[in-house]
Amino acid sequence: MALLLILSFHAPDSLKYEIQEAVISAKNTNQLSTQPISSTTIRIKSLEIQRIESVKDFSAIVPNYYQPDYGSSMTSSIYVRGFGSRIDQPVVGLSIDEVPYLNKNSYDFDFFDIRKVEVLRGPQSTLYGRNTLGGLINIQTLSPLHYSGTRAYVGYGTGNTFDAKVSYYGKTDGGLGYSAGAFFSMTDGFFKNEYTGENCDSGLESSVRIKIEWENKGFSIRNSSSVGFVNQGGYAYRFYDSIRDSLYNVDYNDPGRYRRFTVNNGTVIKYNTGNLLFSSITGYQYLNDRMVIDNDFLPTPVFLLSQSQNEHTISQDIVVRSNDDSRMWQHVSGLFGFAKWLVMDAPLTMKREGIENLILKNANNGIHTVFPEADILIQDESFVIGSRFYIPTYGAALYHQSTFNMGKFHLTAGLRLDYENSTMDYDSCLSLSYRFNMTMDDYKKLSTRFFGSQNLSYLELLPKASLQYDLHIGNIYFSASKGYKAGGFNTQIFSDIMRNKMMSDMMSDLGVYFDDNASQTAYDDAAATTYLPEYTWNYELGGHLKWDNSLTLDFALFAIDCRNQQLTVFPKGKTMGRIMSNAGHSKSLGAEAAFFYKYRHFSISAQYGYADARFIDYSDGADDYSGNHIPYAPQNTVSVTLAYELTGNGNVFDSILFMCKADGIGRIYWNEANTIIESFYPLLSANVILNKGPFCFSLWGKNLTSTQYNTFYFYSMDHSFFSSGRPVQIGLSLSINI
Amino acid sequence: MKQTFLLILTFAVLLFGCTKSEINEEFIPQNGNYTGTLVVDQNDGTEYTDDSVSVEVIINTDNTVDITMKAVKFSSKMPVTLDMTIKNVPYSVNGKEMVISGTDLIPWAMGGEFPRYIITDLTGSISDQTIILKMSCGGYPIDYNGITLSDK
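Presented here is a report on the structure given in the accompanying data block. (Residues numbered from 1 in each chain as written. Chains lettered and ligands numbered in written order. Predicted model: local features only at pLDDT ≥ 70, side-chain atom pairs only at ≥ 80, totals over all residues. Heavy atoms only, no water.)

1. Observations concerning the overall build of chain B
Short version of the rule: Secondary structure elements follow DSSP: runs of H or I no shorter than four residues count as helices, runs of E no shorter than two count as strands, and numbering proceeds from the N terminus. Residue contacts are counted whenever heavy atoms from the two residues lie within 4.5 Å of one another. In these tables, accessible area is a Shrake-Rupley quantity obtained with a 1.4 Å probe, and a residue counts as shielded only by the protein chains included in the view.
Secondary structure assignment for chain B yields one helix and 10 strands. Listing each helix as α and each strand as β along chain B from the N terminus yields α-β-β-β-β-β-β-β-β-β-β. Sequence-distant contacts in chain B: of pairs separated by 6 or more residues, those separated by 24 or more amount to 45%. Accessible surface, chain B as shown: approximately 8,600 Å² in total, 56% of it carbon and sulfur.

Next comes the structure, spelled out in structure tokens:
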């Protein structure tokens, strides 16, 4: 087992806002550093100093956390401790102001007025349920009950990137707090599409948040509403010629855009009796988005995918917990339920090149073995493979966790009973005109339809247990916990299913049947469009240590055993879709290390994560990958931050902060065969912040050495593609807090 | 009067008996599905045999039949099987069977006429129990013997 050390990131004390830590968590009685949990806490000033602007910026700053920046805001592929998920639901849960967000399409949003972020690593399924086997991100926004004033920000940077934020926080004498804030950003992007001559990743994002809180005599109610809008490009995917080892520029003909409209509302009601805290957490999320991408990412008209989603989600968590740390028995119990309704339209437009290469070429190769001079022809210049899905999902859970404090020992045990049911109604169709030129004089209409329903349901027991021992400088602990990630449906493979079914229908219409299974695929059966849940057992030895207030050290060792790991697989050959596949058996052994040290005006913090994640037993039917590294998750994450603060006399400036940060990520294996590798790469960033009264001026830079690196690789239609990381970025910003 | 009645009765009985007997013996062409063995002379001294070839017979209104050989191949080297229909084959009823014959018939396959597999010297018989076909298909001599699908 490797060694793992973890440490919370700290900003220099003098830079911390005077914002009270008065928000009482519904489920945690103590600070995370006193609990048997590996975690990283990043507070508002650290977020601003390090310019952490979205969850993607947690990479490396949070040990063994990696969320590459590629695709669009829809892309939220998160890897923690060697495990992750490229599509569908991530392995990390997200809650904002204690309300769970259940659609990963909403994960990537621009931060503003975030008070604190906690990233918990390791399974959190006992208290937080599905899709938290890698951890949980808790985001708390500023509370008008604990902060008053006006905040404004304006920034400009490389890529003609402009962003602005403004918010107001007020409070009445009657204990009613209220706030309203707005955010806007736009960019011209960084990656030029050679085909259009314009940047493919330009776009804008905006959001509005309104928050109302009231608190009186142990009773509190909080309602937070937000509306967000994103309209952006993206998908800066570059063709990679593996034979010549050449990476070409972004060059595709069809548009690549993502538009998202979200409405979120959360209401948290708490009643504190002194010994007990009762909480009701109600959430509602609406997501309406549309992605249009040139799915071949080539300058030829192959095929264009459009995907629209319309989803409503409601959730309700009723929690009761003890609220007195001095008691021997501390407990938390809850009843959770959720339901969501997703309607998805995913039409794929097959264009001429796609018709020729993806359909007719394969079909005619078979025909030519018998009739060399004969061809199947398709009259249409393009045709649409329409796919519509209705996916209602609901779940319920009952959970309990008790902690027994016995002197210096703290024994914790918890169990969750979790039920989930999901149905997919699917209806795919296409229509085209075809002709077999050896026998048919005229084109003939052919229609293909594939419809039906699939259902998944799971009943899970999700236990955890830990033993913690208090030291005079902190604590050490051992924990074991089970994580669970729900199964789902492979909606993205339906275009391939339809293509195969269309060819099968065409051959049947012609009265031609192939002897071998060449025309068949493993996913002809609709049942193959489902994938199973993923389970992990996480065993962890860790601790939180602190010497005075100048040096802190958190550490943990972990070993993860994963069954049915969900992996994204591009089926072999000229397929258009991708499927989630259960990889069998895998493991991850790792170490994380971090510390914080402060001496006068100087501080240094460092975080390191190591994960050796491998398949124990995985064969995709054609190749055996047992023993290989699990792709996409980095082996190492490193982040070192140096900060020096110079205090002025107030005439010219109050203080100047110099911050320099070096992050490192890698190596990353891009495929199951481990033949394509991203070497370890460093990224250097810096920030100089000048404070004068309510004004704060910042000059910052990211990837200052202009390191060339890749954030994503995929293989599709016999082609390889990379997405590159952003080049050097430099910007200025001015913020005001009055 | 009595003699006349007996005469009519006797005649009626004889007539009825005779008619019933003749109707029972008359073959009524009807659609049918058969399965049987196909033997193709490969013209190289070898034969290709498939003992599970299905044949569908459709009776047309103009004293012809359409004969469809389903998912059939005529050589082990063919990587595909085909539905091949020989359309409008003339027939006549002979006792308890249909007798068919024809030559230079262009079969229908893969969505249209398929002259490569031109049918010559087609002969055969079809009853409600069996089917026997003999022909040359694209120059390859073919024999087919089948029985009704439900009886197999």
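Still more ground to cover, so stick around.
2. Overview of the sheet that holds strand E5 (residues 92-96) of chain A
Strand pairs in the sheet, formed through backbone hydrogen bonds, run parallel or antiparallel to each other. All names here are of chain A. Here is the rule we go by: Paired strands are those between which DSSP finds at least two bridges. Interaxial angles span 0 to 180 degrees and are taken between N-to-C directions of axes, which are lines fitted to C-alpha atoms, for helices over the stretch in contact.
Judged by pairing direction, the sheet is mixed, and its five strands sit side by side in the order E1-E7-E8-E5-E6 without closing on themselves. At either margin of the open sheet sits one strand with a lone partner, and together these are strand E1 (38-43) and strand E6 (99-101). The mean inter-strand angle of the sheet, taken between neighbouring strand axes irrespective of direction, is 20 degrees.

3. Details of the interface of chain B and chain A
Heads up, the rule is: A 1.4 Å probe defines the accessible area here, and the buried area is the portion of it lost by two parts on being joined, summed over both. Any carboxyl oxygen of Asp or Glu that lies within 4 Å of a side-chain nitrogen of Lys or Arg is treated as forming a salt bridge with it. Definition of a polar contact: a pair of N or O atoms within 3.5 Å, with one able to donate and the other able to accept a hydrogen when the atoms are protein atoms, and with sequence-neighbouring residues admitted only if both atoms are side-chain atoms.
On the side of chain A, 14 residues touch chain B, which itself brings 15 residues to the contact. Summed over both partners, the interface of chain B with chain A buries about 1,300 Å², with 57% contributed by carbon and sulfur atoms. A per-residue breakdown of the area chain B buries against chain A is headed by Pro-79, Val-80 and Met-110 of chain B, which together make up 43% of the total. Taken together, chain B and chain A are joined by one salt bridge. The partner of Arg-116 of chain B in a salt bridge is Glu-373 of chain A, and the shortest N-O contact between them spans 2.8 Å. In this structure, the connection of chain B to chain A is made through six residue pairs in polar contact (both at pLDDT 80 or more).

4. Overview of the environment of Leu-105 of chain B
All names here are of chain B. By the element assignment, Leu-105 lies in the loop between strand E5 (97-102) and strand E6 (108-109). Through-space distance from the C-alpha of Leu-105 to that of Lys-77 is 24 Å; in sequence the pair is 28 residues apart. In this view, Leu-105 contacts Ile-86, Val-89, Ile-118, Ile-119 and Leu-122; residues no more than four positions away in its chain are not counted.

5. Quick notes on unusual backbone geometry
Residue and element names in this part refer to chain A. Quick note on the threshold: Type-normalised accessible area, obtained with a 1.4 Å probe on protein chains alone, sets the label of each residue: buried when under 20%, exposed when over 50%, and partly exposed for intermediate values.
Look at the link from Gly-666 to Arg-667: it is a cis peptide, with omega at -10 degrees. Among the secondary structure elements, Arg-667 is positioned in the loop between strand E38 (655-666) and strand E39 (668-669). Positive phi values are uncommon outside glycine, yet Asn-674 reaches one of about 65 degrees. One can find Asn-674 in the loop between E39 and strand E40 (677-678). Judged by its relative accessible area of 14%, Asn-674 falls in the buried class. In this model, Ser-706 sits at a positive phi of 50 degrees, which is unusual for a non-glycine residue. Relative to the helices and strands, Ser-706 is located in the loop between strand E42 (695-702) and strand E43 (710-716).

6. Some words on the pairing of strand E33 (residues 566-569) of chain A
Across a regular strand the side chains alternate sides, sitting on one face of the sheet and then on the other. Residue and element names in this part refer to chain A. Of the two faces of E33, both are covered, the one formed by Gln-566 and Thr-568 as well as the one formed by Leu-567 and Val-569. Alignment of E33 against strand E34 (residues 579-582), held across four bridges, turns out to be antiparallel. Note that in E34 the partner of Val-569 across the bridge is Ile-579.

7. Quick look at the pattern of salt bridges
Residue and element names in this part refer to chain A. One pass over the full model with this rule turns up 35 salt bridges over all chains. With a shortest N-O distance of 2.8 Å, Arg-51 and Glu-53 are connected by a salt bridge. Using a relative accessible area of 25% as the deciding quantity, one classes Glu-53 as partly exposed.

8. Side note on the pairing of strand E10 (residues 161-171) of chain A
Residues and elements named next belong to chain A. Examined bridge by bridge, strand E9 (residues 149-157) and E10 share nine bridges and lie antiparallel to one another. If you follow Val-154 over to E10, its bridge partner there is Ala-164. The turn linking E9 back onto E10 is made up of three residues, and Gly-159 within it adopts a positive phi angle of 80 degrees. The sheet contact formed by E10 and strand E11 (residues 176-187) spans 10 bridges and is antiparallel. The partner of Ser-167 across the bridge, within E11, is Gly-181.

9. Here's the deal with helix H4 (residues 494-510) of chain A
Residues and elements named next belong to chain A. Counted only if it meets this: Here the expected length of a helix is defined as 1.5 Å per residue gap, with one fewer gap than residues.
With 17 residues, H4 should cover 24 Å at 1.5 Å per step; its first-to-last C-alpha distance of 24 Å lies within 8% of that length. Those residues of H4 not exposed but buried are Phe-494, Ser-495, Asp-496, Ile-497, Met-498, Arg-499, Asn-500, Met-502, Met-503, Met-506, Met-507 and Leu-510. Gly-511 sits one or two residues past H4 and shows a positive phi near 75 degrees.

10. Remarks on the side chain of Asp-289 of chain A
Residues and elements named next belong to chain A. Within the fold, Asp-289 resides in strand E19 (residues 276-294). Only 2.7 Å separates the side chain of Asp-289 from the side chain of Tyr-258, close enough to count as a polar contact. Dropping the residues within four chain positions of it, Asp-289 is found in contact with Met-74, Asn-105, Tyr-258, Arg-259, Arg-260, Gln-307, Ser-308 and Gln-309.

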